[in-house]
Every structure is written in structure tokens, then in C-alpha cells.
Amino acid sequence: MTVPVRRLVPYVTAYEGEALAYQLIVDPHVEATDGIRLSYADPVGTDWLYGVLWYRQGITQTGRPLWKLVNTPRQRRCMMHMLCQVCGRPAADNDGWIWWLMPEPPGTTGGGLPFTHVPPCCRACIPAARALCPRLRHEAHVYTALAAEPFGVVADLYRPAAGRKVVLVQHAVEVPLDAFRRLDFALATQLLVSLDGLQKAEDGPAS
Ligand SMILES: [Zn+2]
């Protein structure tokens, strides 16, 4: 009898069963640049972080894995706590270096720092990540960093329409956390971090 090999699902991968129903609306808000901002019809305080509304998604890891999609709460958790995107455990090694595996070199912030939307990847998971992701098989860059700080979000941008409704204007745009006006009508799906002490690292399994 052949035992099917269960494919490893990375920690950040979204699942079909995590989709939640939601309704976006325009809502008055005193701190918004124009006095209005994007909101949910039934908002709660934890819908916002870093001054931006976040995409609602479950964390049940149930249903079919959606291999190409990232789960928003888990991606954000990885970035805030420097957790490995594959195993979900701390991505720093014993010397305090945080490991990254990126499909392309990081971008550069207005202040000249490197930044990325890709969560860290602990050293032990680098070979598995390369094997799992077709993009990483083609091109992969291994880095270490000393620290990371929230810099921006990947977000869908909306604009107000009639009757408190909103219209999607742009999908998956990178917006810095100081772009307050744009953030008022952004729905964040991923956290971007700027990287301190970034260095190219030797690839290879954990020693
Ligand atoms: Zn790992």
C-alpha cells in the first residue's frame, strides 16, 4: 500500500476555510485627513493597526490550502514577532541573526533602507522553502538581518462612492505607514518591514 505523502503547508499560506464575509463602508472619523475613512459595517477596535484597516481573515487553517495566497493575520504575526514563514517558530539563530529567503532582492524605502513583504525564514526551513516554492527554485536570495521594523503595508486602495459605499481603485499597492491620507482608504493585507543590518548570507542547511 502506498502512503500518500502529505505536502508541507507553510505557516503563512492561506486556507479556503479562513475566508470571512465582510462589508466595507465609509465612516466619519475625527483623525482621518478628510474626516472620513474606510471601515467595516460592524467595526471593532482590533480591525485597525498602525493607523490602517486590516483585511479580516480567519486563522483556523481549515479547508484546502490556497498555495499562492498569504494569510493576513499570520503574515503580520510573522513580521511583528520575527517568526519563520514556513514553521511559525522564531526565525533568529543563536547569534541573534534573523534569516530571510527572498524571491528577489528587497526594495528600498524613501529613507534608503531595504524593505520587504516577505516574512523571515529560519535557517532550518530554507531548504524546504526552496523545494516548496517554484519561484524560489528559480531565483532565491538568502540574507540575515539584525532587526526589522514596520515600514508600510501591502493594501487594496478604495475611494468613497455614493451612500457610504466604496469602490476598489487599486489592488496590492505598497503604502508607507506615514502616507496617512492614502492609509485612510487602504485595506491592508500584508505588513512591510524595513531591515536593519541586512547582509547577503551563505545558503545551506542549518549546521
Ligand atoms: Zn522555520
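About the cut-offs
Throughout this description, residue numbers start from 1 for each chain and increase along the sequence as written. Totals for whole chains, interfaces and linings use every residue, but because this is a predicted model, local features are given only for residues with pLDDT of at least 70 and side-chain atom pairs only at 80 or more, for both listing and counting. To get the side-chain values, take all heavy atoms of the structure and skip hydrogens and water. Excluding water, the donors of a metal are its N, O and S neighbours within 2.8 Å, or within 3.2 Å for Na, K and Ca, and that exclusion means sites may look incomplete. In this scheme the shape depends on donor count and angles: four donors with every angle between 85 and 135 degrees give tetrahedral, four or six donors with opposite pairs above 155 degrees and others between 65 and 115 give square planar or octahedral in turn, and any other case is irregular. Each helix is a run of DSSP H or I of at least 4 residues and each strand a run of E of at least 2, with the numbering of both proceeding from the N terminus. In this scheme, a residue with accessible area under 20% of its type's maximum is buried, one over 50% is exposed, and one in between is partly exposed, where area comes from a 1.4 Å probe on protein chains only. Just to be clear on terms, a salt bridge is a Lys or Arg side-chain nitrogen sitting within 4 Å of an Asp or Glu carboxyl oxygen.

In this section: the coordination of the zinc ion. Each protein donor to the zinc ion is listed here as Cys-84 (SG), Cys-87 (SG), Cys-122 (SG) and Cys-125 (SG); together their distances run 2.3 Å. Coordination at the zinc ion is tetrahedral: its 4 donor atoms span angles of 101 to 115 degrees at the metal. Of note, the donors binding the zinc ion are all from one chain and are spaced C-x2-C-x34-C-x2-C. With Cys-84 in the loop between helix H1 (72-81) and strand E7 (98-102) and Cys-122 in the loop between strand E9 (114-116) and helix H2 (126-132), the pair connects residues that are 38 residues apart, well separated along the chain. Taking relative accessible area as the criterion, Cys-84 reaches 0% and is therefore assigned buried. Among the residues examined, Cys-122 registers a relative accessible area of 11% and is labelled buried.

Next up on the list: the pattern of salt bridges. Applying the stated criterion across every chain, the model contains 6 salt bridges. Linking Arg-74 and Glu-18 is a salt bridge whose minimum nitrogen-to-oxygen distance equals 2.8 Å. Taken together, the residues Arg-74 in helix H1 and Glu-18 in the loop between strand E1 (13-15) and strand E2 (24-28) connect sequence positions 56 residues apart. For Arg-74, a relative accessible area of 4% translates into the label buried. Residues joined by salt bridges that share partners form a network here, namely Asp-42, Asp-47 and Arg-56.

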